[in-house]
Every structure is written in structure tokens, then in C-alpha cells.
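# Residue-level structure breakdown
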Amino acid sequence: MKRYFKIYRVFFAQYLKQLIQYRVDFSIGILSFLLIQFSGILFVGLIFESIDSLNGWSLDQMVFLYGFFQIPRGIDHLFTDNIWLIPSKIRRGDIDRYLVRPINPLFQCVAERFQPEAFGELIIGSILIAWTSMRMGLSFGFTEIALTVVLLCCGSMIYTSIKLLGATTGFWIMNSMPLMTFVYGIADFAKYPTVIFPRFIQLLVTVVFPFAFVSFYPASYLLGMSDPWFVVLGSVVASSIFSVVAYRFWKFGLASYNSAGS
Amino acid sequence: MYRVHILLWVFGDFFSLGLTILLWVAIYANSPTEMIRGFTLIQMIFYNLIIHLTGSITYMSPLSDVAEDYYDGRISMSLIKPASYAIQLFFRNLGNNLFSNLFITLPTFLLIAAVSLATHQTESLAWLSFPVFLFSSLLGLFINYFANFIFSNLVFYTDATFGMFQLNQAIVRIFSGALIPLNFFPGWLRSLAGFLPYAGVQYIPAMILLGRTTGNDLLSAIGVQVLWVVFLGVAAQLVWSHSLSRMKVMGG
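### A closer look at the overall build of chain B
Helix and strand content of chain B: 11 helices and 0 strands. Listing the helices and strands of chain B from first to last along the sequence gives α-α-α-α-α-α-α-α-α-α-α. On C-alpha atoms alone, chain B measures out to a radius of gyration of 19 Å, which is about the 18 Å that the 2.2 N^0.38 rule sets for 252 residues. Expressed along its principal axes, the backbone C-alpha trace of chain B runs to roughly 60 × 45 × 30 Å. Going through the 252 residues of chain B one by one, you find that 52% of them count as buried. In chain B, the share of contacts with a sequence separation of at least 24, taken over all contacts with a separation of at least 6, comes to 79%. Of the accessible surface of chain B, which amounts to about 11,700 Å², a share of 71% is contributed by carbon and sulfur atoms. On chain B, the mean spot of the 10 positive side-chain charges and the mean spot of the 9 negative ones are 5 Å from each other.

The structure is reproduced here in C-alpha cells:
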């Protein structure tokens, strides 16, 4: 374990060097991210000029949910962004490099890239949460904060696992990127209260791809609209199942890996 | 070999359209009035379907090609060919555009026709204006191409690629009407949209097919689009020659 931390530090330092090289790309990335967030909030804001609430959710609550949605996504983005490159690494035979080293292949892949662009998500999310909490006069005690930390960890695990599941299909199909984008895109439903959607969508994001546990259930717990034990239990169960299945699937895929010819 | 790839791409595209429509259904269910900013629910659904249609007809994305050509130095090979870079790139992108027309435009069109028949809402759409709509969309395609081409020149000045691509997409999404009909915008944002060419890419053609732009307004809307095509076409040449004068090509 200690060795892995040390290795992560070395990888991290390498990555920072790369980043400094492409400073402008980085700042433009942040700028475009802010604009995308602005458009999301603009949409909700403009809608609420015509309606007072969406199935019982006020504008402040909607923005709170929107902010909460960013945090687990940001954590996943920060640490495991390199999983997105697995399909192309498989295609080019670059997985070879991971296999010849005496370190866990998935760890190597994840450690290769640290994505500071994700601070955009984390900062925007925190600002939106703090701002709307203040407007609604919410205050959180120790229990809420402790449970929120657990929920955020579970939420990020759900993201990472689903991303890994998608990426692993790349061992059998030519390019699994569209599949990954599609599955990851289902998370967009979780930006809004799940209850406003038809039953089959609710089932999809609660049971099949449990993105509702990433943002909707935790946010509704913090807003006092949902029972904490159901939320925490659901999150822990969902994230455990998904991370175990995703990791097993990845190992299975790795076992059937054939390198690309050169 | 790439069948699964295409299928998933199309599926994902329609999935996000589905999300938008379900969201609007929920919004209208919570609205005290049947009409929001001049749109009933069914008209709003048509709006989103048509925006999806125009988005696909006008699809032109030269930025990734420019970035790729620039980075691996292949751009120097393009410069010695007897057609200008903007024209070469246009035809390269036209291939992707035809592809998008085959797999997205056609199904979307059938979907619109089916919804319009199923809901007996044929009067929500101005089918007689269909040829004008197509013409306007074609102008939209040129506006989109030139605007994106000019934007992609920023790659030469900033060396930024992926960030640029996202920035361009975000701007287009807001100001083309893809996010929300432009008449939902507050005054200042509306005027900003008026200074940008993107409304001419999707919003103007969509409003024609919805039958909301007629008579003299129709003529002036098309006129605005023509002016944008001419203006951006000239601007693209100027920007390109400026980029060329300071471009450094590495490798190739």
C-alpha cells in the first residue's frame, strides 16, 4: 500500500509537468466548463420564471441538487479520468505496458493522469450548495456531514464503476467509447429530481444504473425530503455491488486481452 | 465492423433528445398555464424535435480536423494543394454531414411526421414552408461551417484543442436555440444572441418550419442568414490568411 502511494506521487509529478506545458488548453478547458455550467443553471432559472415548483422542488432546491450532482462527478473526474482512454489503449495495444510492470494494471492506468480541470466541478458544486443552503437557511450538524462524506464516496465509486464497465467492453468491441459516453450520459437524469420522470426512468436510474444515489437521494436527504437510512443503505449497497462487479469484469476482460500486432 | 459504433452513437443521440422531451413534459405538468412563452407542450416537443433536425442538417465540425492537421504537421501538405484550406476542409466535413443526415436527420424527420400524425397536430407545423425550411437550413449549414472554421483558427494562436472544442460547443448550444427557445432569454442575453451568427444555424430554420416566421419576417430572416454567410465567408478568408502568416508548422 505504501509503495502504491509513493508510485502515485511519482506519476503525479510527471503529470504536472505535462500540464504546465499545455497551460492555455487547461484554462480554456476551465472557461468552457464554466460556460457549460452556466447554461445548465440558465435553463433551470428560465424555466422557473414560468413555474413555481417542479413536483414540489423549488428553484433553490433544484440548484442545490445541481450543485450536489457536480461533487461526486468531480471526484471521479479528478482521479480516474484516464479510464476514458482505455478503449483506445486496447485498440493500440498500449495495455501491454501495464501488464509487464509488477503493479496493478488498473492502478497504473488511473495514476497516469490526474485531472485538475475537475476542480471546476468541485468548486462550482460547493459554491452552489453553500449559496442555496444559505438562502434556504439550512444548517448541517455532525451526523449530516459525516453521512454526506460517505454518500459522496459511494457516489464517486458508482461513477467510476460504471465508467470502468463501459471501458472494459472495449476488450471485445472495436470502440467502446460511444457506449461509455451513452451510459455515462444517463447520469444527466440525476441533475434533476428523479421523481419528475416516468416510472421506467426512475427504475433505470435507481436500479439499473444507480445514478439517483449519486445526487438525487443524497440531496433529498440533506433537504429533509427523504429517509437517511434508506439513502445511506441504498448508496452503500449500490456502490459496493457496482465496484465489485466492475472490477471483476475488468479482470475478466484483461484475461482475454490480445495485444495489437505491430 | 463499425456497425455497433454507429448504432450506439445514434442511440445516444436520441436518448438525450428523449431526456429533454421528458423534462419538458414534467415542466408543463407543473405549469399553471397551458402555454409557456407562446408554446404549448406539443409545440415545445415539436420545437425540440425540429432543433434536433436542424442540428443534424447543419452539422459541420472542422475544429477537430484543424487541430489534428495542425498537431501532426499535415497542414503543410494541405497548403500545397490547389484549393484553399477552407474549401478542402468543407468537403471533408461534408462527408460527415451526409453521414449525420443519413443516420440522424432521416429518423428525426420520420419521427416528426409520425408525432404530427399521431397527435393530429398537423397545424403546429408549416409543411408548406418545408422547401423554405430546407433552404434556410442550407444557409444555416454554411453559417455553421464558416463560424466554426473561424473559431477553429484560435487553435493556431492558443495551441489549445480539446478545451476549444468544448468552448465552441457550449457557445453554439446556448446561442443557437438548442438549449431553450431564444424568446425565453432575458433582454440582454437576447441582444447578445442577435450579435452572434448562431441563431441563423438552428433557431431561424426551426421557427420557419414551426410556422412562426411568415410573410415579411420570413424574407428578413432569410436576408439575415444570407448576410451572415457573406460576412463570415469573407471573414474566414481574412482570419485564415492572418493565421497563415504567423503559423509555425512542426513536422509533417
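### Quick look at unusual backbone geometry
A positive phi angle is found at N55 of chain A, which is not glycine, with a value near 45°. Within the secondary structure, N55 of chain A sits in the loop between α2 (23–47) and α3 (59–80). Although it is not a glycine, R37 of chain B sits at a positive phi angle of roughly 45°. With respect to the element layout, R37 of chain B can be found in the loop between α1 (3–29) and α2 (41–57). On the basis of relative accessible area, R37 of chain B is assigned to the partly exposed category, the value being 32%.

### Topic: the confidence of the model for chain B
Per-chain confidence: chain B averages 90 in pLDDT, with 97% of residues scoring 70 or above. Listed scores for the predicted complex are pTM 0.90 and ipTM 0.89.

### Description of the interface of chain B and chain A
Reports often express the size of an interface as the amount of accessible area lost when the parts come together. Each partner contributes residues to the interface: chain B has 38 residues there, and chain A has 35 residues. Of the roughly 3,300 Å² buried between chain B and chain A on both sides combined, carbon and sulfur atoms contribute 80%. At the junction of chain B and chain A, the tally comes to 1 salt bridge. R37 of chain B serves as the salt-bridge partner of E49 of chain A, at 2.8 Å between the closest nitrogen and oxygen.

### Description of a nonpolar patch on the surface
All names here are of chain A. A cluster of nonpolar side chains, F119, I123, I127, W131 and M134, forms an exposed patch at the surface whose accessible area comes to about 560 Å². Along the chain, W131 falls in helix α7 (residues 118–136). Accessibility expressed as a relative area gives 44% for W131, which makes it partly exposed.

### Notes on the packing of α3 of chain A against helix α8 (residues 142–168) of chain A
Residue and element names in this part refer to chain A. Between α3 and α8, the shortest axis-to-axis distance is 9 Å and the interhelical angle comes to 55°. It follows from the interaxial angle that α3 and α8 lie oblique. At the point where α3 passes α8, the crossing takes the right-handed sense. Of the residues in α8, those in contact with F68, F69, I71, P72, R73, I75, D76 and T80 of α3 are T148, L152, G155, S156, Y159, T160 and K163. Here the contact of α3 with α8 is composed, by residue class, of 7 nonpolar, 5 polar and 3 charged.

### A word on the environment of M247 of chain B
Residues and elements named next belong to chain B. Mapped onto the elements of the fold, M247 is located in the segment after α11 (215–246). A relative accessible area of 15% means that M247 is categorised as buried. Considering only alpha carbons, one finds M247 and F156, 91 residues apart in sequence, at a separation of 6.6 Å. Beyond its immediate stretch of four places on either side in the chain, M247 contacts Y70, I75, F156 and W240.

### Examining the pattern of salt bridges
If you walk through the whole model with that rule in mind, you get 10 salt bridges over all chains. As a salt-bridge pair, E112 of chain A and K89 of chain A come within 3.2 Å of each other at their nearest N and O atoms. One end of the pair, E112 of chain A, is in the loop between α6 (105–111) and α7; the other, K89 of chain A, is in helix α4 (residues 86–92), and 23 residues separate them in sequence. Between R92 of chain B and D65 of chain B there is a salt bridge, with the nearest N and O atoms lying 3.5 Å from each other. With a gap of 27 residues between them, R92 of chain B in helix α5 (residues 85–118) and D65 of chain B in helix α3 (residues 62–71) connect regions that are remote in the sequence. Overall, the relative accessible area of 37% leaves R92 of chain B in the partly exposed class. Three or more residues are tied together by salt bridges with common partners; here these are K89, R97 and E112 of chain A.

### A short note on the side chain of T58 of chain B
Residue and element names in this part refer to chain B. Here T58 is to be found in the loop between α2 and α3. Separated by 2.7 Å, the side chain of T58 and the backbone oxygen of T54 make a polar contact. If sequence neighbours within four positions are ignored, T58 has contacts with N97, S137, G140, L141, N144, V201 and Q202.

Conventions adopted
Per chain, the residues get numbers from 1 upward, laid out in the order the sequence is written. As they are written, the chains are lettered A onward and the ligands numbered 1 onward, keeping that order. Only residues with pLDDT of at least 70 are given local features in this predicted model, and only at 80 or more are side-chain atom pairs given and counted; all residues enter the totals for whole chains, interfaces and linings. Side-chain metrics in this entry use all non-hydrogen atoms of the structure; hydrogen atoms and water are not considered. For the purposes of this entry, the term helix denotes a DSSP run of H or I that reaches at least four residues, the term strand denotes a run of E that reaches at least two, and both are numbered from the N terminus. In this treatment the radius of gyration is a C-alpha quantity, and the globule benchmark scales as 2.2 Å times the residue count to the 0.38 power. Only protein chains enter the accessibility calculation, which uses a 1.4 Å probe; a residue whose area is less than 20% of its type maximum is buried, one above 50% is exposed, and one in between is partly exposed. Residue contacts are defined here by distance: any two heavy atoms, one from each residue, within 4.5 Å place the two residues in contact. Per-residue and other accessible areas were derived by the Shrake-Rupley procedure at a 1.4 Å probe size, with only the shown protein chains allowed to occlude residues. Within this scheme the basic residues Lys and Arg register as positive and the acidic residues Asp and Glu register as negative, but His and the chain ends are omitted. For the purpose of locating charges, the reference atoms are NZ of Lys, CZ of Arg, CG of Asp and CD of Glu. Summary of the metric used: pLDDT quantifies the predictor's per-residue confidence within the range 0 to 100. Summed over both partners, buried area is the accessible surface (1.4 Å probe) that two parts give up on being assembled. We count a salt bridge whenever a side-chain nitrogen from Lys or Arg sits within 4 Å of a carboxyl oxygen from Asp or Glu. The patch calculation keeps residues exceeding 30% relative accessible area without a salt bridge and links them within 9 Å when they carry like charges or within 5 Å when they are nonpolar (Val, Leu, Ile, Met, Phe, Trp, Tyr). Note on geometry: axes are lines fitted to C-alpha atoms, helical ones only across the stretch in contact, with angles between N-to-C directions running from 0 to 180 degrees. Oblique is the label for any angle not covered by the other classes, which are roughly parallel (under 35 degrees), roughly antiparallel (over 145) and roughly perpendicular (65 to 115). In this scheme the crossing of two helices becomes right-handed for a clockwise turn of the near helix relative to the far one and left-handed for an anticlockwise turn of less than a right angle. As a working rule, the residues Ala, Val, Leu, Ile, Met, Phe, Trp, Tyr, Cys and Pro are called nonpolar, Asp, Glu, Lys and Arg charged, and the rest polar, with Gly in that last group. By the criterion applied in these results, polar contacts are pairs of N or O atoms within 3.5 Å in which, for protein atoms, one can donate a hydrogen and the other can accept it, and in which residues neighboring in sequence qualify only through two side-chain atoms.

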